Amino acid sequence: MQWDVTQRPSNSVLMGFSSGDGHYENSPLTLLPAWEKYRPDQFLNSSLGVRGLQVYRLHREERPNPRLRCLQWLKSQPQWPHWGWNRLSCPCSWWQGLQDLRFQPISIGWGLGSRQLCSFSSWRGGVCCSYGPWGELLEGWRVQNPWQFDQELEAQNWCCRWNDKPSFCILYQQWRPRIGCAGYRPLRPAWMFGDPHITTLDGANYTFNGLGDFLLVRAKDGNSSFLLQGRTALTGSAQASNFIAFAAQYNSTSLGPIMVQWLLKPNDTIQARLNNQTVTFETNREDAEGQETFNTTGVVMTRNGSLVSASFDGTVTISVIALSNILHASCSLPEEYQNRTEGLLGVWNNNPDDDFRMPNGSTISRSSSEEMFFHYGMTWRINETSLLGKRDDQLPSNFTPVFFSELLRNNSSSEKLASECNGNQQCIYDTLATGSRSTGLHTSMLFRQYQEMNATLNQYPPSIEGDRVVEAHIGKTKLFQYTSSSKNVTFILRDNNTDCKLFENGTLLWTPTKVEPFTLEILARNVKDNLSSVLQPKTVVCACKAESQCLYNQTSRVGNSSLEVAGCKCDKNTFGPYCNLSTDLCEEACFPNVTCVRGKGCEACPPHLTGDGRHCAALETPLLCQNKSCPVNYCHNHGHCYISQTEGCQPTCTCPPAFTDSRCFLAGNSFTPTISLELPLRIIQISLSEEENASAAEVDASVAYRLGNLEVRAFFRNSQVERINPITGSTLQHWKVTSTFRYRPRGPVIDFLNNRLVDAIVEAFLQAPNRRWKRSEGPRNNVVFQPLSREDVRSVMALNVSTLETYFKCDGYEGYRLVYSPHSGVTCVSPCSQGYCEHGGQCQHLPQGPSCKCVSFSIYTSWGERCEHLSMKLGAFFGILFGALGALLLLGVVTFVVLRFWGCSKAQYSYPLDSES
C-alpha cells in the first residue's frame, strides 16, 4: 500500500472490526507510530505467520452450531447402541404413572406445560417420560444413568429441537429410540390394612388376626429376589391385632442387599430405616407437592406426611401409611415374579382359588371359614429371628382373635353400622372389634383408595390409528382420517390453526396457506374417563410453484415445530428456493404506465416517483410541490389536508370515517360510536384445580395469561383469587377466580363475551401455556391446571345488547342510528345506507341530517322529504293525450284508404252472371 501519511498528519485512521451488535476489536496497528500503522500489508500476524492478514472474532460470544454439536455427540457414542433387551416403557397417562411408584416426578425442563416421571434400574437402565396438561404421554427417552438427565436433554436439543435438519434427529433416535407405552405393564399390587385385612396378588380378600412376625411374600427370579415381612401387635384392649412394623429386603445381581424397615411411632408417625440406619429425608424445592425424598443407590424413598414409600431399583415398590395407630401397606411386584411367590400375599398366578397355599404345599379353599384362615395364616409365622429383629414385648402364648360372626351375634347395632360403612365388611369388623368408628372408616377409606389405585393402573387412554406423515402442497386441501379402537372417543387439536380443521370423528382437513412454524398435535379423549392420548404426525408442506417439483424426501424443519418444508427441484424456466421466480423478467407486471422490455425487465418509474420500475413510490423529499400549502379550512369536520405530489399540486383531504366526499362535508359512511358512560364489566367465576402447590399470585398470573390470549382480547383483570379448603388426602389445590372483561363496541367483542366466552375459557384451559417464564417477570404464569368443563365456569354478570346500546353515542351529524351485528359489533349507521330515499332518490347526509335529491322519470316525478310521492308530469300528460289522438286519427285515415281501395278493386274485376261469353 502506498499511502502518503505526511499529507494528512491530523487524520487518524481506525482499523479493526465491528459486529454491529456492540462488539468490536481494533487492530494492533492502531497503537503503532504513523509510519507503521498505515502499512497493514507489512503487518505480521504472529499466531498465523502470514504477513498482511488480520483475523477477528465476528461475535462477542460464540454461537453454537447445533449440527456440529450433534455430530460430536454421535461420534462420542459407541459404534452400536447397547441397550438391554428387557426395557421399561412409559406409563400411558400421567395418572397411571403417579400410581406406579417405580416412577418419580422430576423437573428437568423438557418444555413448558409438561410434567415428567423418571425411573431407573441398575440392570434395565433409566427412562424419563413427559406428559401434557391432559395427562397424555408426549414422549419418553432412555438414559443410562440417573445423573445424566441434563446431558441427555442437551444432546436431544442439539440433534432434534434446535436442529433444522430432521436427518440429525433420525440419527439421534438410532442411539436413543423414542419410548412409548405399548409395552407398559403396571405392577401387581397387594394390600394389608386395618385389623388386618389382606388382598392377595391375585385379588382374593381375607382377614387374618395373628400375633407375631409373618412372611408376607417371598419372590425370586433370575436377576433379583425380594422378601417382605410384617410384625403385628394387639389392637389396644381389643381381641384383634394390627401391623406395627414392616421390613423388606431386595437383592439383585448388580447390587448388594438392600433392607428397608417401617416402624410405627406415636401420633401416627413412621420411622424409616435403611440397612439399620435411620433415613433422613430432604425436601425437594422443585417438587410442587413439597414431598420429602431420599435417594441412594438401589432405592428411592419418599415421605408425604404419614405416608412413606420405597422403590427398590425400579422393580418393587412398597407404600406404608399410619392411620389410627395402625400401619397399612401396599406391595407391588413386577411380572418377572409371577408364578414365583409364596406367603400371606398368596401364589401369584392369576388364579385366586389356590392363593392360600401353606409352606407344606397344602391349600385351603377360598371359601373357608374365618377359623381356617386364622390357622392358615399362622403357618407363615416366622419362628426364627426376622428382619425386624427381636421383639420388645411379650406375646400371649395361646392368642385367638374374635371372629366376625361372633361380633355380629354380640352386637345389636350392626344394621346401623352397616349403613355408616356403606356395607363394607372390613369397616364393620374393625369398628366392632376396636370400638372405634374412626378406625373402621379409615379402613373403608383405604380399601376404596386401593381399589381406585388398581383401577387407575389398569385404565389405558384411547389409541390413535392413522397417518404418521401428512404431506400437502400449499394452497391445496388434503384429507386424512384418524380412528380409535376405543369407544366414546372424540378428536380435537391441541392448538388451533387456521390451516387445519379436525372434526370430532377424526377427519382432518389441512389446507396449508403459508410456511410458518406450527406443531400439529391430535388429541383423542375418552369422554367417560377423561383419559387422553396424543399423536404428533410429521407434517410436510411443499411450497414449490408446481406440485411436480416437490421433493418430500428432502425436508428441513421450520423453526422449533413439527412442520417441515419439502425441497424443490426447479425446471429450466424457474429458479429460487420455491421455484417461484421466472427467468422471464416480464412475467410479473410492471408499475402502471411502465413498459417491460424483454430480456431487460421494467423501465424506469414515472417522473417524481422512485423505484425499480416494478415497485414505485413517491420521493421522500419531492421538489415539485415544496412551495405549496393547503388553503385555510379547506377540509371540514376535522379532516386533515395535505398537498398531493402530482403535477397539479392539488390539496387533498384525509377525512374521518363517516364522510364520503373529498372535503369531509357529506357523511354517509358507518363508524364506531363513542362511549358516553363507563361500561359495566363482564364477570365470570372459574373453579380451578392444580397440583403444583401454586401461590395465589401464581394462579392470578397464570389465569390472566390464558384469558389475555383468548381469540378476542377483552380480558381486564382478575378481581378475586380465592383458595378453597383442600380435601383431606387429596394432592389437588382448588381455587375460585373471579375474572372481569371489558365490553367494546367494535368488532365481535359483544357477541364473544355474551355467547362464546364460556366455551373459549374451557378450551383455553385444555392446553398448556406456550411460553417460557423468566423469574424477572414476577410470579410465574405457567401453572398447569386440570381441564375444565362448562360447569366449572359460571357467568356472574352479562349485559344484553339493548342495555349496552344505552352507553354508546353517535357523535357528529344528526340522524345516525346504532345498529348491532354479531360480527361488527355496534356501529353508527346513516339512514342513507339503509334505503332512506325512495324511488331512486339520491341520499346525502348533511350536518342537519339525511337529505334526498329526487329524480324524475319519463312520465312521473318523485317528490317529498324522502321522495316517497310520485306525480305525473303535466307536459308529459298532454303529450301522451295528443299523441294518442293523433294516432287514432292516423289509424282512421289509413282504414278509410284501405277500404276505398278494396271497394274499387272489387268493381273492376266483377262480371254479370247472365252475360254470354
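Residues numbered from 1 in each chain as written. Predicted model: local features only at pLDDT ≥ 70, side-chain atom pairs only at ≥ 80, totals over all residues. Heavy atoms only, no water.

Naming follows an unreviewed UniProt entry, where the protein appears as Mucin-4 isoform X2 of Equus przewalskii. Per UniProt, the protein carries the Subcellular location (unreviewed entry) text "Membrane". (UniProt positions renumbered as here; feature names shortened; annotations may be inferred.)

**Section: empty space enclosed by the protein**
Rolled over the atoms, a probe as big as a water molecule pinpoints where empty space is left. Under the defined criterion, the tally for this structure stands at 2 cavities of 30 Å³ or more. The volume enclosed by the largest cavity comes to roughly 60 Å³. In terms of lining residues, the largest cavity is bounded by Thr207, Phe208, Asn209, Glu370, Phe374, Pro401, Val402, Phe403 and Tyr429. Quantified by volume, the second largest cavity comes out at close to 40 Å³. Around the second largest cavity sit Leu493, Arg494, Asp495, Asn497, Cys500, Phe518, Thr519, Leu520 and Glu521, which together line it. A per-class count over the lining of the second largest cavity returns 4 nonpolar, 2 polar and 3 charged. (1 Å grid on protein atoms, 1.4 Å probe; cavity = no way out; pocket = protein on both sides within 12 Å on 5 of 7 lines; lining within 4 Å. Points joined across faces, edges and corners; volume = space filled by probe spheres on them. Nonpolar A, V, L, I, M, F, W, Y, C, P; charged D, E, K, R; others polar.)

**With respect to the sheet that holds strand β27 (residues 489-493)**
Taking strand neighbours across the sheet as the criterion, the 3 strands line up as β27-β30-β31 in an open arrangement whose pairing is antiparallel. Here the strands that pair on one side only, and so sit at the sheet edges, are β27 and β31 (532-535). The average angle at which neighbouring strand axes cross in this sheet is 25°, direction not considered. Pairing geometry for β27 and strand β30 (residues 522-526), over 5 bridges, is antiparallel. Bridge pairing links phenylalanine 491 to alanine 524 in β30. (Pairing = 2+ DSSP bridges. Helix = DSSP H or I, 4+ residues; strand = E, 2+ residues; numbered from the N terminus. Axes fitted to C-alpha atoms, helices over the stretch in contact; angles between N-to-C directions.)

**So, the packing of helix α2 (residues 66-76) against helix α5 (residues 166-175)**
Direction vectors running N to C along α2 and α5 enclose 25°, while the axes themselves pass 11 Å from each other. On the basis of their axis angle, the class for α2 and α5 is roughly parallel. For α2 against α5, the interelement crossing comes out left-handed. Touching Arg67, Cys70, Leu71, Trp73 and Leu74 of α2 are Phe168, Leu171, Tyr172 and Trp175, all from α5. (Parallel < 35°, antiparallel > 145°, perpendicular 65-115°, else oblique. Left-handed = near helix turned anticlockwise from the far one by under 90°. Contact = heavy atoms within 4.5 Å.)

**Things to note about the packing of helix α9 (residues 425-434) against helix α10 (residues 437-457)**
Where α9 meets α10, the closest approach of the two axes is 7 Å, and the angle between their N-to-C directions is 155°. Taken together, the axes of α9 and α10 lie roughly antiparallel to each other. Our pair here, α9 against α10, has a crossing hand that is right-handed. On α10, the residues that touch Gln426, Cys427, Asp430, Thr431 and Thr434 of α9 are Arg437, Thr439, Gly440, Leu441, Thr443, Ser444 and Phe447. Of the residues contributing to the contact of α9 with α10, the split by class is 3 nonpolar, 7 polar and 2 charged.

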